[in-house]
Amino acid sequence: MAKVIERSGARLSVVQALYEMEISGKGVIEAVAEFETFWIGQTVDGVEHPPAEIAFFRDLLRGVVEEQRAIDPMLDNALSQGWPLKRIEMVLRAILRAGAYELMHRRDVPARAAISEYVDVAHSFYGGDEPGMVNAVLDKVAREVRGQEFSGLPGSSLPGSGRA
């Protein structure tokens, strides 16, 4: 159970780091150092930041940045026509990019578990329709890159069946 919690913390931290990198222009190495030193598992301004599996955090952050040229077109195709990724708000864009990276490159994590985790991350930031949009977009990406996980298997229509 601790690993699941630490992976959830890593996902949340990756989204925060991607957002920070986009507004500040920091690189991956600087963002990793800052988050590992000052944010992950710390209380900052009265806000508790959860512990995180550091290797998973590093892989996700590095991977999103390195694979962004492949991730962004995949997300553009999954988004509603007329709403390219560049029009999506920065935090939401970070959530979608991290989720898409995990679906495309972390086959050790079941697709439904990854989608569920990023919907949970979206709930951390938004109270409106955004978590549903994250679910829909990442579901489209998952069906494109991991269709075999959705092809009529028993229980395959159950959302969030499993966590990692």
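Here is what the cut-offs are and how they apply
Residues numbered from 1 in each chain as written. Predicted model: local features only at pLDDT ≥ 70, side-chain atom pairs only at ≥ 80, totals over all residues. Heavy atoms only, no water. Helix = DSSP H or I, 4+ residues; strand = E, 2+ residues; numbered from the N terminus. Rg over C-alpha atoms; globule rule 2.2 N^0.38 Å. Buried < 20%, exposed > 50% of the residue type's maximum accessible area, 1.4 Å probe, protein only. Contact = heavy atoms within 4.5 Å. Areas by Shrake-Rupley, 256 points an atom, 1.4 Å probe, with all protein chains shown as cover. Arc of directions from axis to C-beta. Axes fitted to C-alpha atoms, helices over the stretch in contact; angles between N-to-C directions. Parallel < 35°, antiparallel > 145°, perpendicular 65-115°, else oblique. Left-handed = near helix turned anticlockwise from the far one by under 90°. Nonpolar A, V, L, I, M, F, W, Y, C, P; charged D, E, K, R; others polar. pLDDT = per-residue confidence, 0-100. Phe/Tyr/Trp six-rings, centres within 6.5 Å; stacked < 30°, edge-to-face > 60°. Lys NZ or Arg CZ within 6 Å of the ring centre and 35° of its normal.

### A closer look at the overall build of the protein
Here is step 1 of the chain: A tally of regular secondary structure across the protein gives seven helices and two strands.
Here is step 2 of the chain: Seen in sequence order, the protein has helices and strands lined up from the N terminus as α-α-β-β-α-α-α-α-α.
Here is step 3 of the chain: The C-alpha radius of gyration of the protein comes to 15 Å, within 12% of the 15 Å expected for a compact globule of 164 residues.
Here is step 4 of the chain: C-alpha extents for the protein along the principal axes are approximately 45 × 40 × 30 Å.
Here is step 5 of the chain: Per-residue burial over the protein gives 45% buried out of 164 residues.
Here is step 6 of the chain: The long-range share in the protein, meaning contacts at least 24 apart out of those at least 6 apart in sequence, stands at 70%.
Here is step 7 of the chain: About 8,400 Å² of surface is accessible on the protein, with carbon and sulfur atoms providing 53% of the total.

### Quick notes on helix H2 (residues 28–39)
Here is step 1 of the chain: Here H2 has its buried residues at Ala 31, Val 32, Glu 34 and Phe 35. For H2, the angular spread of the buried residues around the axis is 170°, confining them to a single face.
Here is step 2 of the chain: One or two steps after H2, the chain reaches Gly 41, where phi turns positive at roughly 75°.

### Points about the side chain of Arg 97
Here is step 1 of the chain: Turning to its location among the elements, Arg 97 is positioned in helix H5 (residues 90–105).
Here is step 2 of the chain: By relative accessible area, which is 12% here, Arg 97 ends up buried.

### Things to note about the packing of H5 against helix H7 (residues 130–145)
Here is step 1 of the chain: Viewed as axis vectors pointing N to C, H5 and H7 meet at an angle of 25°, and their least axial separation amounts to 10 Å. If you check the angle between H5 and H7, you find them roughly parallel. The handedness of the crossing between H5 and H7 is right-handed. Together, Leu 92, Ile 95, Leu 96, Gly 99, Ala 100, Leu 103 and Met 104 of H5 and Glu 130, Met 133, Val 134, Val 137, Leu 138, Val 141, Ala 142 and Val 145 of H7 make up the contact between the two elements.
Here is step 2 of the chain: For the contact of H5 with H7, a count of residues per class yields 13 nonpolar, one polar and one charged.

### Things to note about the packing of helix H3 (residues 54–66) against H5
Here is step 1 of the chain: Contact geometry of H3 with H5 gives a least axis separation of 9 Å together with a crossing angle of 105°. Classed by the angle they form, the pair H3 and H5 counts as roughly perpendicular. Side by side, H3 and H5 meet where Phe 56, Asp 59, Leu 60, Arg 62, Gly 63 and Val 64 of the first sit next to Arg 97, Ala 98, Tyr 101 and Glu 102 of the second.
Here is step 2 of the chain: In the contact of H3 with H5, the residues fall into five nonpolar, one polar and four charged.

### Structural notes on the confidence of the model for the protein
Here is step 1 of the chain: Considering every residue of the protein, the mean pLDDT works out to 90; 92% of them sit at 70 or more.
Here is step 2 of the chain: Mean pLDDT across the secondary structure elements of the protein bottoms out at strand E2 (residues 47–48), with 84, and peaks at H5, with 98.
Here is step 3 of the chain: Scored below 50 in pLDDT, residues 155–164 shows 21 contacts in the model against residues more than four places distant or in partner chains.

### Let's talk about the packing of aromatic side chains
Here is step 1 of the chain: Taken as a whole and judged by the stated rule, the model has two aromatic pairs.
Here is step 2 of the chain: Aromatic side chains Phe 35 and Phe 57 sit 6.2 Å apart centroid to centroid with 35° between the ring planes, which places their arrangement in the tilted category. Taken as a pair, Phe 35 in helix H2 and Phe 57 in helix H3 lie far apart in primary sequence, 22 residues in all. For the pair formed by Phe 35 and Phe 57, the shared burial category is buried.
Here is step 3 of the chain: A connected cluster of aromatic rings, assembled from ring pairs, spans Phe 35, Trp 39 and Phe 57.
Here is step 4 of the chain: The ring of Trp 83 has Arg 87 sitting right over it, with the charged end atom 3.9 Å from the ring centre.

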